Amino acid sequence: MWFGWIEFDLLLGEVHSLKAKRSVVRPILAEIHRRFEVSVAETARQQLHRRAGISAGLVAADAAHVIEVLDGIERLVASRPEVELLSARRRLHSSEDE
């Protein structure tokens, strides 16, 4: 069994309130969840208006599938015009890891 996660640091466009931030972040979370069937959440920088931390994670039988899904999620987030992807971190682990 393999599990992986990816975490994004995003700079949001013209956002001046937490309400406006939610209107940008929620559709991204929903699209990631719908397209890739993974767990996804805003996990960092919740109190900052123009920054967001989003993480997604999944479990699969083989590493290649986990990598493929994480690559797809990263491409989707990077292609969103309303956000600038500042960084992406990912981890991949096996149930056999010590």
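Residues numbered from 1 in each chain as written. Predicted model: local features only at pLDDT ≥ 70, side-chain atom pairs only at ≥ 80, totals over all residues. Heavy atoms only, no water.

**Looking at the pattern of salt bridges**
If you walk through the whole model with that rule in mind, you get 8 salt bridges. Between Glu7 and Arg89 there is a salt bridge, and its shortest N-O distance comes to 3.4 Å. With Glu7 in strand β1 (residues 2-12) and Arg89 in strand β4 (residues 83-94), this pair connects stretches of sequence that are 82 residues apart. On the basis of relative accessibility, which here comes to 24%, the residue Glu7 falls in the partly exposed class. On the basis of relative accessible area, Arg89 is assigned to the partly exposed category, the value being 46%. For Glu31, the salt bridge identified is with Arg35, shortest N-O distance 3.4 Å. Of this pair, Glu31 and Arg35 both sit in helix α1 (residues 18-36), 4 residues apart, which is roughly one turn of that helix. (Salt bridge = Lys/Arg side-chain N within 4 Å of Asp/Glu carboxyl O. Helix = DSSP H or I, 4+ residues; strand = E, 2+ residues; numbered from the N terminus. Buried < 20%, exposed > 50% of the residue type's maximum accessible area, 1.4 Å probe, protein only.)

**Some words on the nonpolar core**
Membership of the largest hydrophobic core comes to 24 residues, with the highest contact counts inside it found for Leu10, Leu12, Ile32, Val38, Ile54 and Ile73. Among the secondary structure elements, those contributing two or more residues to this core are β1, α1, β3 (51-60) and α2 (63-79). (Core = buried A, V, L, I, M, F, W, Y, C linked by side-chain atoms within 4.5 Å.)

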